[in-house]
Structure formats: structure tokens, C-alpha cells
Amino acid sequence: MGAGIATAALLSGLGVMLVERDDGAADKAGNTIATNLAAAVKRGKLTEHKREHLLDNMLQTVTEYDALGEADLIIEAVYESMEVKKSVFAILDKVAKPGAILATNTSYLDINEIALATSRPESVIGLHFFSPAHVMKLLEVVVADRTAPELVATAFALARRLGKTAVRAGVCDGFIGNRLLSHYRTAADHMLLDGASPYQIDKALTDYGFAMGPYAVADLAGLDIGYATRQRKAAERHPRDRYPAWADELFHQGRLGQKTGKGYYLYPNGSRQGVEDPEVEALIAKTREQAGVTPRSFSDEEIVSRYMAAMINEAARVLDEGIAMRPLDIDVVLLYGYGFPRWRGGPMHTADQRGLETVLADIQRYAEQDDHFWQPAPLLTKLVEQGRNFDSLNHS
């Protein structure tokens, strides 16, 4: 991620100093950036002469934080651990010059807590890039409680300089995009536990227009990411939450996705194209049996309906809490960062097209079997009662 962010900055003409933990890691990061820039040359985005100029004159790789003393903007992209990030920000607070922007690339963690590791929380902001950072167009600008307004303006200006589309987000677990992802992925896991195949779910959703299904996405990201998230949130798990125990077993078996050649799918000979694996379906069937679940069949239409209803319902909560400022911001996040089908306009637009009363009726029907997960969002209920749609909130 750090190399991707550095590549994006170089491609926009910004000078970059990349700090790594040792010389070996610094050399590896430099090689990754060089490879990224070579790919840009191949795509015709950059000349070979310009690539050499960027590597020779605009990039430095170092191993000491003190080298950042004159930096205007410092972006942290270390491991997704609160303790690690707080320790880094405590160091940055000591070495950064007055007025420097201290940004975190965290995907989930509480930026207010990270900011308190410094003596200048007003200088801390979230810049959540999406991988690969030099390719993906979305940038979530996450505004903490004490972030100075001028930092927000600078972050949006930076996004334009980097050729990215910025969306303002508030602080919560996962911000806009990953919070929604967690919720609609849970809806998929519930269907899987109740009898659907991960391969049927993925196919139904790609047929609907998504770039990838949730289980192919999990393999791409790495199943260790999902495992770490479940461990991080274990203490706050509700007794009625339906836990995906099979996913932990896949992790313990070393099935981490594409990087290990097997996850939900098999990836023979380093292939990026997944092959269905009967062993995974057998493992899930064993989990159902242990949970006392009698499996049932799902139509593709029901899979899409439940997936979308979960996404829309959680999006309504995100709006109501002020995490997203407008419905169109949520649409932009899902379109630019999460493979939502472009021609459908985003989940909020899709909900308006379908009719909010229909979406609410679906949620209420699903709640008859599970009134813990399927609790209608108050904002969704309110809009239906008022005869309004999400788009009306874009203009208020």
C-alpha cells in the first residue's frame, strides 16, 4: 500500500520520501515503485525518460523517521494495528515540522484515538486509499473530531492532484465503504450458512453486474485480513451474531486466497482465475451440521435481493449518523471503490429506482426469520412514511 501511494504521488509530480523499517524493506519498496512506474510506461501513461527522472530525482527511500522533518504531508501506511499506528504517530509528532499534515491510511481504526497519540490532533486526518493505490480512483477523506477545516480542503486538493475522486467520511469502524462491506458480506455469510454455495452467491452477483463476488474478493484480499478483523472485533460480538466458523477454519488450514494458491477457490499454477473446490463446500456443510442448520436452496434473485437490502439498510444508518454527508457520496464510494455495477448508479440510486417501500418490505420479511440482523434503519422507515426517496436528501 505504501509503495502504491508513493507511486500515485510520483505520477502526479510530487516528491516522495518513503520510510521503511530497514534497508532490505526500503530496497524492496523502491523496486515495487520502479515496477509500478514501468507498468505506467507500458500503458502509455509515462515515458521511459520521465520514469527515470522520477526514480532518480523525485524518490528517496530511507530508514529513519528524522528524514521527514521538512515534509509537508506524511501518510502512514503501516500494519492495521492500533498500537502500531499510535506508536508511529507518537514518533511523527516529534519529528514533523509545525503545520505538517499527519495522515493515516487506516481502513477501519478509530482516527480520533490515533490523533490522541500526538500533541496536535488538529493536524491528523484519514486518507484511506484503495489498493492498488496508484490505480484505484477512490479516496476516502476521513475527518476526525478535531481535524482542522483547512486540512480537509487540502486533502480534497491533493485528491485532485492525484487524479482521484474524494469523498468525505466520518469516523466509525470502516468509515463508509468498509462499514457497508462488512454488513453486506455478513448477509452473504448468512445465506451461505443457510444453504447457498459461495460459488452460486458469487455468480449471482457478478451476473447482476458486480465486478467480483464477495468470496472471490476475499481470496483476492487475503483470508488473513478477514480473520484479523474478526479477532479484533471479537470482544464486541453480540450473542445473536451468526459466526462464520468455516472462515476461521480456512484460515487455520493456510487457505489464505490467491497468495497461497487456495482459499474459497483453487488457483492452480499461480492462476488468477479461481476454480471451485468441493472441499470448501464440504467444510461449510460440516459447519451447518454443527450449528443445527437444515440447508435450503436460494434463487439467484433472492441472493441479490438480500445482498442489496443489507447494503441499502446499512447505508441508511451511515447517512443517519452523519458518517456520509449525502446519499450520492455513498454511491460514489461503492462505484469507485467496490466494483458496484456502474450502469446501476450505486446502491442509493438503485434503492430509489426499486422503490424504498419495496426495499423496506423485503427487510421486514427477512426480519421474520432474523430480527437481530434485519432491523430496518430508522431513516429508511422515515423516508417511506414521508413518501420521499434518498435523492431528496442530496438537495436538502
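Peer 1: Can you explain the nonpolar core? Please cite residues and give values.
Peer 2: Counting residues in hydrophobic clusters, the biggest one holds 91 residues, and the most contacted among them are Tyr 264, Ile 330 and Phe 390. For this core, the element with the most residues is helix H13 (residues 300-320), which contributes 12 residues. Setting aside anything within four residues of it in sequence, one finds Ile 330 in contact with Ile 176, Leu 180, Ala 315, Val 318, Leu 319, Ala 324, Pro 347 and Met 348. Core analysis: the next-biggest nonpolar cluster, separate from the first, contains 18 residues, Ile 101, Leu 127, Leu 139 and Val 141 among them.

Peer 1: Give me the lowdown on the environment of Val 16, citing residues and values where you can.
Peer 2: Topologically, Val 16 is positioned in strand S1 (residues 16-19). In this structure the C-alpha to C-alpha distance between Val 16 and Gln 60, which are 44 residues apart in sequence, comes to 6.4 Å. Setting aside residues up to four positions removed in sequence, Val 16 forms contacts with Ala 6, Ala 9, Leu 10, Met 58, Leu 59 and Gln 60.

Peer 1: Lay out the sheet that holds strand S5 (residues 124-129) with the relevant residues and their values.
Peer 2: Spatially, the 5 strands line up as an open sheet ordered S3-S4-S5-S6-S7, and their pairing is mixed. In this open sheet, the two strands that pair with only one neighbour each are strand S3 (73-76) and strand S7 (165-169). The mean angle between the axes of side-by-side strands here comes to 30°, regardless of whether they run parallel or antiparallel. Pairing of S5 with strand S6 (residues 138-142), which is carried by 4 bridges, proceeds in the antiparallel orientation. Following the sheet pairing, Phe 129 is matched in S6 by Leu 139. The strands touched by helix H4 (residues 82-95) are S3, strand S4 (101-104) and S5; relative to S4, the strand with the most contacts, the crossing angle is about 170°. Strands S6 and S7 of the sheet are contacted by helix H14 (residues 327-337), whose axis makes an angle of about 130° with S7.

Peer 1: Tell me about the pattern of salt bridges, and name the residues and values.
Peer 2: Scanning the model with the defined rule gives 25 salt bridges in all. The salt bridge involving Asp 93 is made with Arg 120; its shortest N-O contact spans 2.9 Å. Here Arg 120 lies in the loop between helix H5 (111-115) and S5 and Asp 93 lies in helix H4, a separation of 27 residues in the sequence. The same class applies to Asp 93 as to Arg 120, namely buried. A single salt-bridge network, built from bridges that share partners, covers Arg 179, Glu 314, Arg 317 and Glu 321.

Peer 1: Can you explain the environment of Tyr 338? Please cite residues and give values.
Peer 2: Assignment of secondary structure puts Tyr 338 in the loop between H14 and helix H15 (347-354). Along the sequence, Tyr 338 and Tyr 227 sit 111 residues apart, while their C-alpha atoms lie 20 Å from each other. Excluding residues that lie within four positions of it along the chain, Tyr 338 makes contacts with Phe 130, Leu 138, Gly 177, Asn 178, Leu 181, Tyr 184, Phe 210 and Val 333.

Rules used in this analysis
Residues numbered from 1 in each chain as written. Predicted model: local features only at pLDDT ≥ 70, side-chain atom pairs only at ≥ 80, totals over all residues. Heavy atoms only, no water. Core = buried A, V, L, I, M, F, W, Y, C linked by side-chain atoms within 4.5 Å. Buried < 20%, exposed > 50% of the residue type's maximum accessible area, 1.4 Å probe, protein only. Helix = DSSP H or I, 4+ residues; strand = E, 2+ residues; numbered from the N terminus. Contact = heavy atoms within 4.5 Å. Pairing = 2+ DSSP bridges. Axes fitted to C-alpha atoms, helices over the stretch in contact; angles between N-to-C directions. Salt bridge = Lys/Arg side-chain N within 4 Å of Asp/Glu carboxyl O.

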